[in-house]
Structures are given as structure tokens and as C-alpha cells.
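If you want the building blocks of each chain, they are given just below.
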Amino acid sequence: MNIKDIADKYVMQTYSRFQAIFTKGKDVYLFDEKEKKYLDFTAGIAVNALGYGNKAVINAINTQTEKLLHVSNLYYTEPMALLAKKLVEKSCFDKVFFANSGAEANEAAFKLARKYGHLKKNGASKIISMKNSFHGRTMATVTLTGQAKYQNGFGPMMNDILYAEFNNIDSIKNLIDENVCAIFIEPVQGEGGLLPADKTFMEELKKLCTRNNILLIFDEVQTGIGRRGKLFCYENFDIEPDILTLAKGLGGGLPIGAALAKEEIAQCFSKGDHASTFGGNPIACACANAVLDEIENKDILKNVKENGKYLIKKLKEINCPNIKNIRGLGLMIGVEFDFEINSIIQKCLDKGLLIIGAGKNVIRFVPPLIINKKEIDEGIEILKNCLPQG
Ligand SMILES: *Cc1c(COP(=O)(O)O)cnc(C)c1O
């Protein structure tokens with residue numbers, strides 16, 4: 001049996017996979033088992049921030065592997081402490097909780113918000129989330145995810161979750177009462193179709209939260225770690241959230257998640273309130289430390305800003321009558337078509353370019369943050385050949 005047949009026989013069928021078996025990667029390229037080369041504009045869905053084979057990252061992992069793979073959170077380790085310090089120093093937050101994925105980071109934020117409501121707001125337990133959002137697949141996070149297709153067949157959902165219209169402040173105001181403890185929002189709806197929050201909407205939302213003692217929780221699992229040209233996407237708005245979650249890009253390819261909070265909120269978790277056996281794993285944390293150092297030392301954010309603009313410019317030059325809209329910031333860019341984009345994704349794969357969708361009609365570009373102009377040109381050429389021409 002080949003690898004595909006083995007996987008199909010023995011792995012639960014929760015994914016519809018493309019016909020590609022990848023064996024290795026270098027910079028922004030992946031290679032399949034026949035040594036066919038693919039230019040990767042997906043980066044493992046916004047995960048491989050530094051591409052493949054970054055020397056500093058490999059070194060950090062190998063060095064830590066030689067020393068210690070895992071130790072219980074009953075004890076201290078250096079990589080975890082240093083990563084928490086780094087995240088706090090680079091952000092507006094004071095404390096970090098480590099998890100292993102985006103959903104787990106959001107789960108931690110969810111529990112922290114409920115505990116805040118319990119301790120500081122007379123037991124307020126309602127949480128407002130946005131329609132068309134995506135926050136993960138655990139029961140709490142799939143409930144927060146305001147899209148029926150992710151919830152169907154798994155009910156009942158969690159109690160006390162309300163859904164508001166994204167970018168519509170009145171829709172949120174209508175749901176607010178003294179029982180609301182938190183609002184969850186993606187600064188850019190990623191899975192939902194690369195839809196950014198308006199700046200004025202965010203500013204009004206922050207004011208609304210402050211006035212009503214409601215926690216503002218940013219899910220930056222996808223937008224965080226440089227994707228939108230700043231280390232954290234909230235820096236693109238003139239506001240500070242109360243809690244922020246990270247995952248995808250943080251580990252540069254290793255599983256890690258984090259929930260960051262301001263001191264007063266973080267204090268609502270007492271010893272024993274929340275935990276994760278693997279959270280803060282020394283290898284994942286050593287790796288994330290290396291990712292953050294590389295982003296700083298190599299001025300990766302400058303590359304994200306410059307080449308993000310360049311990619312948008314090149315996309316706008318494509319003459320395809322079916323393109324309805326091109327939007328994005330940094331290296332998180334969406335191209336909206338007037339038809340379903342599945343066939344384009346397949347064609348690009350055949351021609352050696354990896355892209356993914358966001359919703360039915362939007363192609364999402366989330367390449368490694370290190371991508372250069374030559375590689376963008378190469379990707380654009382392949383893409384052009386896979387589109388209906390005008
Ligand atoms: C991917 C994603 C998640 C879920 O992350 P997992 O690591 O798959 O659990 C949550 N929120 C957002 C915004 C995401 O893009």
C-alpha cells in the first residue's frame with residue numbers, strides 16, 4: 001500500500017486532502033515524494049512563518065532536544081520563562097498561559113473570561129462572538145465560531161454565547177447587558193474570507209467594552225506574529241485588547257498556543273484553575289523563542305510590509321474578469337472571485353503552487369514571512385496560467 005492508501009485506511013476521515021505527499025521543505029518550497037517542487041503560498045496555513053529549514057530554529061530545537069524533551073508544569077524550565085518574558089515585553093500584556101494550539105489558547109481565554117465574570121462582574125457569563133468567525137474546533141471554540149457548518153451535528157453548543165454582526169457596532173450594542181463578560185473577535189476574519197475589522201468599528205468596540213466592564217478578546221491565532229506587518233495585529237488599531245490569543249505562526253511549525261492577558265485579568269486564574277500537561281513544552285518554547293529572535297534580528301516585519309505591498313500590486317496587475325476584490329495587509333491577502341475557487345487551487349497544485357481558500361470564493365495568500373519578490377513573481381506567473389483570462 002502507498003502512503004495515501006495507508007492514511008485513508010487508518011486515519012479518521014476528517015479532511016478532504018489533496019493528492020500530494022510531502023517529504024521535505026527548503027525556504028519557501030516544499031518537495032513531494034517524487035522530488036516535484038512546489039512554491040508554498042500557504043505556509044501550513046499561516047504557520048511556517050520562517051519557511052522551511054531556518055537554521056536558527058533548527059539549532060534551537062536540536063540544542064533543546066539534547067537537553068530535555070518534556071518536564072511537568074509542576075517545575076520550571078528556562079525556555080518557557082524566557083518566551084513568556086519576550087511575549088510580554090513585545091506586547092501590551094503582563095502574563096502568559098501556554099497551550100498547544102489555537103483552539104486551546106482560545107479555550108484558555110474563554111475560561112479566563114468566565115472566571116473574570118464570576119469574580120468581578122456578579123457571575124456574568126455571556127460571551128459575544130461574531131457571525132462568520134472562526135475560533136477552533138473544541139466544543140467551546142466551535143460554539144464561539146459563528147458559522148453553522150462547523151456546528152452542525154455536534155449540538156448542543158455551549159450556553160450563553162451570542163452572535164453579533166462583524167463590523168456592526170449597533171448589532172453588538174443590542175446584545176449587551178450586565179451579564180456579558182467578554183467579546184471575542186478576530187481583527188481579520190481569516191477562515192471567514194479575509195475580512196478586516198474597520199478601524200473606527202474597533203475603536204468604538206473598545207470604548208463600549210471599557211464602559212460596560214466587558215473584556216475585549218482578540219483571537220490573533222492567524223493574524224499574530226508578523227502576518228499583518230506588525231508583530232501583533234492589534235498594533236494596527238489604536239487600541240489594546242484585554243486578552244489576546246496566539247498559535248499558528250508562534251512556533252514556526254511546532255505546536256504551541258498562548259493566551260496573553262493584562263495583570264488584573266490574569267489574576268482571576270488561581271493556582272489549579274487551568275492547566276495543560278504539554279503547555280509550555282521546552283522544545284516548542286525554545287523554537288518559538290528562536291522564531292521571535294529571527295523576526296527581530298532579520299527585520300522580517302519590514303519584509304512582510306514591503307513584499308505584502310508588492311504581492312498586492314502584482315495581483316492587481318492580473319487581468320482576470322472574475323476577480324471581484326483584492327484585499328489584505330502584510331502577507332495575509334485575499335483575492336475574491338465571482339465563482340467557487342476549488343478548481344483554481346487544484347490547477348495551481350498541479351503546476352507547483354500551493355494556495356488555499358478562505359470561504360468559497362476567496363483565495364488566501366499567507367506565504368512564509370521571508371518570501372522575496374522573485375518568488376512572488378514566480379507564484380504570480382503560475383497563478384495567471386490557472387485563471388480565466390480577460
Ligand atoms: C486556525 C485558527 C484557530 C484554530 O487553531 P487550531 O490550532 O487549529 O486549534 C483559531 N482561531 C483562528 C483565528 C484561526 O485562524
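Residues numbered from 1 in each chain as written. Predicted model: local features only at pLDDT ≥ 70, side-chain atom pairs only at ≥ 80, totals over all residues. Heavy atoms only, no water.

S.K.: Which parts of the structure should I look at to understand unusual backbone geometry?
M.R.: For residues besides glycine, phi is generally negative; the peptide bonds are generally trans as well. Cis peptide bonds are those with omega within 30 degrees of zero, and the linkage from glycine 155 to proline 156 qualifies with 0°. Looking at the element boundaries, proline 156 is found in the loop between helix H7 (148–151) and strand S6 (161–164). Of note in this structure, isoleucine 45 is not a glycine but carries a positive phi near 60°. Looking at the secondary structure, you find isoleucine 45 in helix H2 (residues 43–46). Positive phi is not limited to glycine here, since aspartate 299 has a value of about 50°. Residue position: aspartate 299 is located in the loop between helix H11 (282–297) and helix H12 (300–317). On the accessibility criterion, aspartate 299 (42% relative accessible area) is partly exposed. (Helix = DSSP H or I, 4+ residues; strand = E, 2+ residues; numbered from the N terminus. Buried < 20%, exposed > 50% of the residue type's maximum accessible area, 1.4 Å probe, protein only.)

S.K.: For this particular structure, what's the right way to read the site of the ligand?
M.R.: Around the ligand, the surrounding shell consists of Ser101, Gly102, Ala103, Asn106, Phe134, His135, Gly136, Glu186, Asp219, Val221, Gln222 and Lys248. Measuring from an oxygen atom of the ligand, one finds a backbone N or O atom of glycine 102 at 2.8 Å. In this structure, glutamine 222 approaches the ligand through a side-chain N or O atom, which is 2.8 Å from an oxygen atom. Per-element accounting of the shell around the ligand gives the leading share, three residues, to helix H5 (residues 102–120). Tallied by class, residues from the shell around the ligand come to three nonpolar, six polar and three charged. (Near = heavy atom within 4 Å. Polar contact = N/O pair within 3.5 Å; in protein donor to acceptor, adjacent residues only side chain to side chain. Nonpolar A, V, L, I, M, F, W, Y, C, P; charged D, E, K, R; others polar.)

S.K.: Help me understand the sheet that holds strand S16 (residues 356–357) in this model?
M.R.: Strands sit in the order S13-S14-S17-S16 across an open sheet of four strands; the sheet is antiparallel. Of all the strands in the sheet, just strand S13 (323–329) and S16 have a single pairing partner and so form its edges. Here S13 pairs with strand S14 (residues 332–337) via six bridges, running antiparallel. When the bridges of S14 are listed, isoleucine 326 appears paired with valine 335. Where H12 meets the sheet, its contacts fall on S13, S14 and strand S17 (362–365), and the angle it forms with S14 comes to roughly 15°. (Pairing = 2+ DSSP bridges. Contact = heavy atoms within 4.5 Å. Axes fitted to C-alpha atoms, helices over the stretch in contact; angles between N-to-C directions.)

S.K.: Whenever I open this one, empty space enclosed by the protein confuses me. Can you help?
M.R.: Any empty space left between the atoms is revealed when a probe the size of a water molecule rolls over them. Inspection of every chain in the model, using the stated rule, returns one cavity of 30 Å³ or more. Around the largest cavity, the lining is made up of 13 residues, and of these Val71, Ser72, Asn73, Gly279 and Gly280 lie nearest the centre. Taken together, the residues of the lining of the largest cavity sort by class into five nonpolar, eight polar and no charged. (1 Å grid on protein atoms, 1.4 Å probe; cavity = no way out; pocket = protein on both sides within 12 Å on 5 of 7 lines; lining within 4 Å. Points joined across faces, edges and corners; volume = space filled by probe spheres on them.)

S.K.: Can you help me understand the nonpolar core in this one?
M.R.: If you look at soluble globular proteins, the nonpolar side chains tend to sit buried side by side. Counting residues in hydrophobic clusters, the biggest one holds 97 residues, and the most contacted among them are Leu87, Ile172, Leu205, Leu315, Ile355, Phe365 and Leu383. For this core, the element with the most residues is H11, which contributes nine residues. Other than its neighbours up to four places away in sequence, leucine 383 contacts Leu315, Ile318, Ile344, Cys348, Leu353, Ile355 and Phe365. (Core = buried A, V, L, I, M, F, W, Y, C linked by side-chain atoms within 4.5 Å.)

S.K.: What is the right way to look at the pairing of strand S3 (residues 37–40) in this model?
M.R.: Strand residues, when the strand is regular, have side chains that alternate between the two faces of the sheet. One ladder, built from three bridges, connects strand S2 (residues 29–32) with S3; its direction is antiparallel. By the bridge assignment for S3, tyrosine 29 is matched with leucine 39. The loop that links S2 with its antiparallel partner S3 comprises four residues; one of these, glutamate 35, has a positive phi angle of about 70°. Alignment of S3 against strand S15 (residues 353–354), held across two bridges, turns out to be parallel. Paired with aspartate 40 across the two strands is leucine 354, which belongs to S15.

The quantities given are spatial measurements derived from coordinates; they are silent on function.
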